[in-house]
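Below are the chains, spelled out letter by letter.
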Amino acid sequence: MPLLGCIADDFTGATDLASTLVRNGMRTVQVIGAPAPGDPVPDADAIIVALKSRTAPVAQAVSESLAALDWLKSAGCAQFFFKYCSTFDSTDEGNIGPVADALVAALGCGFALACPAFPVNGRSIYMGHLFVGNVLLNESGMQNHPLTPMTDANLVRVLGRQTSGTVGLVPFATVEQGAVATRRAMTALKEQGHRYAITDAVTDANLRAIGEAAESHALLTGGSGIAIGLPENFRRAGKLAVQANPGALPDIAGHAAVLAGSCSRATLFQIGRAREVVPTLQLDALATPDAAALAQQALAWADGKLGAVPVLIAASAPPEQVAALQAKLGREAAGTLIETAMAAIAEGLVARGVRNLVVAGGETSGAVAMKLGVRSLRIGAEIDPGVPWTLAEGSGPTMKLALKSGNFGAPDFFLKAFASTGAA
Ligand code: ADP
């Protein structure tokens, strides 16, 4: 039976959390959207329901989060975790406060800590103020975010504006003293009537102490970082065995392919590196501005090339070519054209026996996963930080999928991916 039930407010954040849990010893499955009541419960120590609720209307974010909670409760989870971005992406209307309020009410726990700190990614909290690297959140560029501009780094105030409850602080000096002092401080804040405690954290040791202090909490809220302290609680309580390889995935026989729809610098480098080694097709959407025709070209090209060595099909292009396509079609239509083509190509490749697939690009990954009918991802070992191989299950055949956010990964990412799976 799963121990930890997580609700993530976006897809890549969910995968990031999943990788963190696997690295710390929990077998983890990410499901896409809240499963229907009665849907089978994956065999895992932690289950993450990935929502797309970060910038959804408040009422929708709340109702989807409560549906996820209900399902995780019925799946038998003992503790719950609301995962949001380590830069606390939200507005004065929500969605972090209203969703957390609804979860606190539904669980009847009255209190939850709030800690988006993620020191390895440069997110630290001191005296309730969130820093990104060595600058305050509101000077980090996040003040200009198109959807969730963060103009105040003081999280006690920020969360205070989003909740009907009040927000206290567990300061760094207390967290530094360890789990016992932190637990006492949180209990005191709860007794004073606070609904939340922004919890300072500057180091991973702080996060582990906070995790230990929150052992008996029904609900935690925060970024992926705070999850590093949770698996140890379950092991200490004898509920979680020490596992040699919590990210073990079976080998899946089948062909290998890479689909690149990201135009980020990292992905362009990765394509450049892979192009020297594996058969590579560069799609030309400017010459063929038609998704079905592009997909047909790509699949015709792939026929006869699929086999032991992965093939790479890329729409990715440098900025001037992207601008040219956008000038011709409009920004949104250009994106939709490529995403539609990539999704159709993915479907065609799977029909041709591809079972090990890497997709580069956040939006591209979403389009491909949806087209392939993926419902859940069992999280395997990381290829590079933040990008694990996963075992994808859903309406199509079970397969290995690695979904890479555009900017992630080292230059040899695509080659490394297949070296580690043994597919190529
Ligand atoms: P990232 O993770 O790097 O942001 P995404 O897949 O989220 O990557 O976004 C990249 C967007 O660029 C997608 O909508 C994709 O369809 C689009 N795109 C890809 N190639 C081209 C191109 N050659 N011209 C215009 N848009 C493109």
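Right, let's walk through the structure included here. (Residues numbered from 1 in each chain as written. Predicted model: local features only at pLDDT ≥ 70, side-chain atom pairs only at ≥ 80, totals over all residues. Heavy atoms only, no water.)

Around the ligand there are 17 residues in total, and Ser 262, Glu 339, Gly 362, Glu 363 and Thr 364 lie nearest to it. One of the backbone N or O atoms of Ala 315 is found 3.0 Å from a nitrogen atom in the ligand. Between the ligand and the protein, one listed contact pairs an oxygen atom with a backbone N or O atom of Gly 406 at 2.9 Å. Bound to the protein, the ligand loses 80% of the 570 Å² it would expose on its own. At a threshold of 2 Å from the grid points, most atoms of the ligand map onto the second largest pocket. Secondary-structure elements contributing two or more residues to the shell around the ligand are helix 11 (319-329), helix 12 (331-351) and helix 13 (362-371). Tallied by class, residues from the shell around the ligand come to six nonpolar, nine polar and two charged. (Near = heavy atom within 4 Å. Polar contact = N/O pair within 3.5 Å; in protein donor to acceptor, adjacent residues only side chain to side chain. Areas by Shrake-Rupley, 256 points an atom, 1.4 Å probe, with all protein chains shown as cover. 1 Å grid on protein atoms, 1.4 Å probe; cavity = no way out; pocket = protein on both sides within 12 Å on 5 of 7 lines; lining within 4 Å. Sits in = over half its atoms within 2 Å of the grid points. Helix = DSSP H or I, 4+ residues; strand = E, 2+ residues; numbered from the N terminus. Nonpolar A, V, L, I, M, F, W, Y, C, P; charged D, E, K, R; others polar.)

Here the focus is the environment of Pro 318. Residue placement: Pro 318 occurs in the loop between strand 14 (311-314) and helix 11. Its relative accessible area of 28% is what places Pro 318 among the partly exposed residues. Separated by 86 residues in sequence, Pro 318 and Glu 232 place their C-alpha atoms 45 Å apart. (Buried < 20%, exposed > 50% of the residue type's maximum accessible area, 1.4 Å probe, protein only.)

Bringing the nonpolar core into the picture now. Among soluble globular proteins, nonpolar side chains are generally buried collectively. One finds Ile 345, Leu 349 and Leu 357 to be the most contacted residues of the largest nonpolar core, which totals 118 residues. Taken together, domain 1 (4-236) and domain 2 (255-421) each give at least three residues to this core, which thus spans both. Not counting the four nearest positions on each side in its chain, Leu 349 is found in contact with Ala 257, Leu 259, Leu 299, Ala 302, Leu 306, Ile 313 and Val 354. Ranked by size, the runner-up nonpolar core spans 21 residues in total, among them Ala 256, Ile 271, Leu 312 and Phe 414. (Core = buried A, V, L, I, M, F, W, Y, C linked by side-chain atoms within 4.5 Å. Domains from an automatic or database assignment. Contact = heavy atoms within 4.5 Å.)

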